[in-house]
Amino acid sequence: MKKDGLDIKYLAQLAQIHLSSQEEKQLDKDLQNILHFIAIIRRVNTKEVEPTFQVAKDVQMSRPDQKEKSLPREAALQNAPQQKNGYFISKPIGWK
Amino acid sequence: MFCGCSAQHFRQPANTHLCPTCLGLPGSLPVPNQRAIEMTVLMALAVKAKINRRFFFERKNYFYPDLPKGYQISQHISPIGEGGTVPVLLGGKYVAVALHDIHLEEDTAKLEHHGDEVWIDFNRSGVPLVEVVTQPVLHSAAAAKAYVKRIQQLVRWLRISDADMEKGSMRLEANISLATRPSDGEEIELPSYRVEVKNLNSFRFLEKAINYEIERQKKIWQNGKQPVQETRGFDAQQGVTFGQRRKEVAKDYRYFPDPDIPPLELTSSAIARLRKQLPRLPWEEEKMWQERYGLDWQLSQTLVANDKAREFWQMLVPWIKNRDQAQKIAKLIVNKPDRWQGKKPAKFWQEWQKGQNERLGGAKLAEIVSQVIVEETKAVADYRRGKISALGYLVGQVQRLARGKADPREAQQLLQQELTNNG
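Here is a short report on the structure shown in this document. (Residues numbered from 1 in each chain as written. Chains lettered and ligands numbered in written order. Predicted model: local features only at pLDDT ≥ 70, side-chain atom pairs only at ≥ 80, totals over all residues.)

**So, the nonpolar core**
Residues and elements named next belong to chain B. If you look at the biggest cluster of nonpolar residues, it comprises 63 residues, and the most contacted ones within it are M43, A44, I102, Y147, A174, L206 and A209. Per-element accounting of this core gives the leading share, 7 residues, to helix 1 (residues 34-46). What L206 contacts, discounting residues up to four positions off in sequence, is A144, K145, V148, L172, A174 and L200. The next biggest cluster of nonpolar side chains, apart from the first, holds 17 residues, and it includes A379, V380, L394 and A406. (Core = buried A, V, L, I, M, F, W, Y, C linked by C-beta atoms within 7 Å. Buried ≥ 20, exposed ≤ 12 C-beta atoms within 10 Å, placed from the backbone. Helix = DSSP H or I, 4+ residues; strand = E, 2+ residues; numbered from the N terminus. Contact = placed C-beta atoms within 7 Å.)

**Concerning the interface of chain A and chain B**
Contact with chain A, which involves 33 residues of that partner, is made by 38 residues of chain B. Counting residues per element, the ones that place at least two in the side of chain A that touches chain B are helix 3 (73-77) and strand 2 (87-90) of chain A. Broken down by element, the residue count for the side of chain A that touches chain B peaks at 4 residues, all from strand 2 of chain A. Class assignment for the residues of the side of chain A that touches chain B results in 16 nonpolar, 9 polar and 8 charged. Relative to strand 9 (residues 117-121) of chain B, strand 2 of chain A runs antiparallel, the two being bridged by 3 bridges. By the bridge assignment, S90(A) is partnered in strand 9 of chain B with V118(B). (Nonpolar A, V, L, I, M, F, W, Y, C, P; charged D, E, K, R; others polar. Pairing = 2+ DSSP bridges.)

**Digging into the sheet that holds strand 3 (residues 58-61) of chain B**
Residue and element names in this part refer to chain B. With antiparallel pairing, 3 strands are arranged side by side in an open sheet as 4-3-15. In the strand order of this sheet, the two ends are held by strand 4 (71-74) and strand 15 (256-257), each with one partner. Note that strand 3 and strand 4 share 4 bridges and pair antiparallel. If you follow N61 over to strand 4, its bridge partner there is Y71.

**A word on unusual backbone geometry**
Residue and element names in this part refer to chain B. In this model, N199 sits at a positive phi of 55°, which is unusual for a non-glycine residue. By secondary structure assignment, the location of N199 is in strand 12 (residues 195-200). The partly exposed category is assigned to N199, around which 13 C-beta atoms lie within 10 Å. Phi at R254 is positive, roughly 45°, even though this residue is not glycine. Counting through the fold element by element, R254 comes out in the loop between strand 14 (240-246) and strand 15.

**A short note on the pairing of strand 9 of chain B**
Consecutive side chains of a regular strand alternate in pointing toward one face of the sheet and then the other. Residues and elements named next belong to chain B. Of all 5 residues making up strand 9, 4 are buried, and the element is well covered by its neighbours. Looking at chain direction, strand 8 (residues 110-114) and strand 9 are connected through 5 bridges and run antiparallel. Across the sheet, residue H114 finds its bridge partner in strand 9, namely E117. Hairpin connection of strand 8 to strand 9: 2 residues between the antiparallel strands, including G115 at a positive phi of 60°.

**Quick word on the packing of helix 1 of chain B against helix 4 (residues 268-277) of chain B**
Residues and elements named next belong to chain B. Axis separation between helix 1 and helix 4 bottoms out at 10 Å; the angle between their running directions is 65°. When the axes of helix 1 and helix 4 are compared, the crossing they make is right-handed. Here E38, V41, L42 and L45 of helix 1 lie close against helix 4, whose contacting residues are I271, L274, R275 and Q277. For the contact of helix 1 with helix 4, the residue count by class is 5 nonpolar, 1 polar and 2 charged. (Axes fitted to C-alpha atoms, helices over the stretch in contact; angles between N-to-C directions. Left-handed = near helix turned anticlockwise from the far one by under 90°.)

Rendered as structure tokens:
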């Protein structure tokens, strides 16, 4: 963990991606830039401004509790990189 | 939860309840299910939680094969219910277990591990899931077990779910950490770590996992170290927990409001309508029988917790005339199910009353009482020396000779008479 709170290795672990040391350096630089940008935005006085979570004016409509037709299994699985016996197959993902 | 796929996922062919929304395909939009929201509100009302009239859903980001989208739609800073308490009977009295929140989210996929492959069935992913989170107020495995049993009872009572753990429609997660026992009157200082044991699918496993963790963590502390914050699984066969992954902290999930689902609003009339739907709650009914008939808490709880017993009891209640009858009937229903199961309440009541009338009394009872006084010299002497509790023992002896047919009150009166008169 660095003094500015950025820990590229930890972030990579959260995202389950492998980074070469070259990529780590590059990403570190990019993220520092983003943080710098955010820091500038934070200087704007937003005291009187409500946070904007979304831009739609209305509140969300809900759906009635009714069953609808699901996709045929073949269709659901058609884009799976790997499948077997009707299951999607993935590599195990875990933290080291 | 956010699409129209069936929520029945138990023993269904894998990946047959899927649509673009629950698969997280590009261009699909989640729309929350009204009934799921109402049921969560109902649950929150039952435990007197504060209802967030305006709430929204957030994305909880983590990368794991059980999520098709890379995030789970959940709630974090605006759960539907906040706070509230669940009354649980512990050691003979009601304890109010304080809740942190009640929130609504989509369930995740079911994974099967086959060697170095993970088989994913997304049927369960997208099914509405209510999470009930307590404050760190439970201090033993037994207390945790009593609490989760209460939650299961409540969920069934309110017809929210069958809460069947074998079907995966109720799952338990325990967060366990050890703190130094505070001196009297002082608050427990919470330790800076917690170990989460996930996906426990029975009350017994919950109890075992907690007790195992207490011992494991105790050893670590005794070696001068602090246990690490992590997520652990429970191996039911070995009865042990095992490390799975370092546990994320809240900020690692990068929660943010789901831009696809604008905030929702509950009108006061909608809340009032739901409040009206709330039935008398289990603990209210337990108290009602305790107060009306003097049933002890254990009896009352067992009676209310068992659907069939409760139903039978309720049908008998109109005929019950006094506390004595009520206590006898309640005990019989709870302890001797074979005496009433399959019977019509009216017929049962008739027979029971007949049996009551056949009770031993009068001369026959007086005879037994005299016999007991003659035989039980020690208890008699004790009683005469002022040891009142000896009377209970003597009543028991009368009952033994009368094969349980004696009227306990009459027996006691007769004994007292005899013991004072002929002292």
